[in-house]
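Report on the structure
One letter stands for each residue in the lines below.
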Amino acid sequence: MKAEYINPFVTSAISTLKQFIPGMEVNRGKLAVSSAPSQSLGTATYIGISGDLEGRVIYDMNRVTAVKIASEMNGEKIPGLNELVRSTIQELGNIITGNASAKLHKQLDGKHIDITPPSLIVGEDMEISDSISDKYLQVPLETNLGNIIINVNIKESS
Amino acid sequence: MVVTTDDEHLLTLGNNEDGEPFKCAVVDDSAFMVKNLVRMLESFDAEVIATAENGKEAVALVEEHGDELDFLTLDITMPEMDGLTALEEILKIEPELKVLMVSAMGQEDTVKESVMKGAKHFVVKPFQREDVFNRLEKVLKG
Ligand SMILES: [Mg+2]
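To start, this report covers the structure provided alongside it. (Residues numbered from 1 in each chain as written. Chains lettered and ligands numbered in written order. Predicted model: local features only at pLDDT ≥ 70, side-chain atom pairs only at ≥ 80, totals over all residues. Heavy atoms only, no water.)

Quick look at the sheet that holds strand β2 (residues 47–52) of chain B now. Residue and element names in this part refer to chain B. The sheet built from five strands is open, its strands ordered β2-β1-β3-β4-β5 with parallel pairing. Both outer strands of the open sheet, β2 and β5 (121–124), are each paired with one neighbouring strand and no more. On average, adjacent strands in this sheet sit at an angle of 20° to one another, irrespective of strand direction. Across the sheet, helix α3 (residues 83–93) is in contact with β3 (71–74) and β4 (98–103); its angle to β4 comes to roughly 175°. (Pairing = 2+ DSSP bridges. Helix = DSSP H or I, 4+ residues; strand = E, 2+ residues; numbered from the N terminus. Axes fitted to C-alpha atoms, helices over the stretch in contact; angles between N-to-C directions. Contact = heavy atoms within 4.5 Å.)

Written out as structure tokens, the structure is:
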């Protein structure tokens, strides 16, 4: 997997978060390679990628961070991980991925990317296992509302 | 997106040809997005008469309410049936319906495909309130 594939996801995540939550502090952490399966922080949004590229992206954060981000995005204090939090966090993943796909489309001379609707996997001590691939590229975003880890595994379609 | 500007009430779409508020429907699989779009469209003085959460529901919605609708906002990435497929089906039922795509899938070829299939405009998420308003005004009055 090429490292250049993860950058559009990171820059889209930063700009999307800042647009929804003005004043949010977001710092990009160090790129790492992780072997699947890896331990989820508790609230993982999974989106499949197909078309000229194929793979998956997972936005992972803990429950407290998910509730905080959703509360900010809805302009109301949400007490816990309810349906509105789930739907907000999934749509955040959808928007980041859609924006990243537009960047990749430009960067890769018109290659087209389709994305699946997001699914949210909730549960601590849960493993994100993957039968197809062995390695994810990871970039953590350190924010004032908690960490978000972006996991990307994409390759050119065979 | 949280709408908190002071000039919230300055943006109004006014009335349709019948002298009534514009009637619309919102289609998006995210309850978060539906909630925000409904709130925003109502702040523009439009009346949201129905919502749907996937393409199939959107087609059923247009079968039922198509003749009452002045416009419809349509997401692309949805389960059951995606928005581009739904767009074709919807326009078969109501060829004159004004459809505004509201999607994160801003790849140039997707935007072109939407317009070729008959959508009037395309708003990329995350959107600015003024941007949606300006495009809607063009769609409704242009
Ligand atoms: Mg969607």
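A separate point is the coordination of the magnesium ion. All names here are of chain B. Only D29 (OD), D75 (OD) and T77 (O) from the protein coordinate the magnesium ion, and they sit 2.1 to 2.2 Å from it. Each donor residue of the magnesium ion belongs to the same chain, with the gaps between them written as D-x45-D-x1-T. Of this pair, D29 sits in the loop between β1 (23–27) and α1 (31–43) while T77 sits in the loop between β3 and α3, and the two are 48 residues apart along the sequence. Residue D29 is classed as partly exposed on the basis of its relative accessible area, which comes to 23%. Judged by its relative accessible area of 6%, T77 falls in the buried class. (Donors = N, O, S within 2.8 Å, 3.2 Å for Na, K, Ca; no water. Buried < 20%, exposed > 50% of the residue type's maximum accessible area, 1.4 Å probe, protein only.)

The next point concerns helix α2 (residues 63–74) of chain A. With twelve residues, α2 of chain A should reach 16 Å at 1.5 Å per residue; the first-to-last C-alpha distance of 16 Å fits that figure. Regarding α2 of chain A, the residues found buried are T65, A66, V67, I69, A70, S71, M73 and N74 of chain A. Where α2 of chain A is buried, its residues touch α1 (7–20), β4 (43–51), β5 (53–61), α3 (83–107) and β10 (146–156) of chain A together with α1 of chain B. The opening residue of α2 of chain A is N62 of chain A, an N-cap whose side-chain oxygen sits 3.1 Å from the backbone nitrogen of V64 of chain A. Following α2 of chain A by one or two positions, G75 of chain A adopts a phi angle in the positive range, close to 65°. (Expected span 1.5 Å × (residues − 1). Polar contact = N/O pair within 3.5 Å; in protein donor to acceptor, adjacent residues only side chain to side chain.)

Read these as layout, nothing more, since geometry by itself doesn't imply function.
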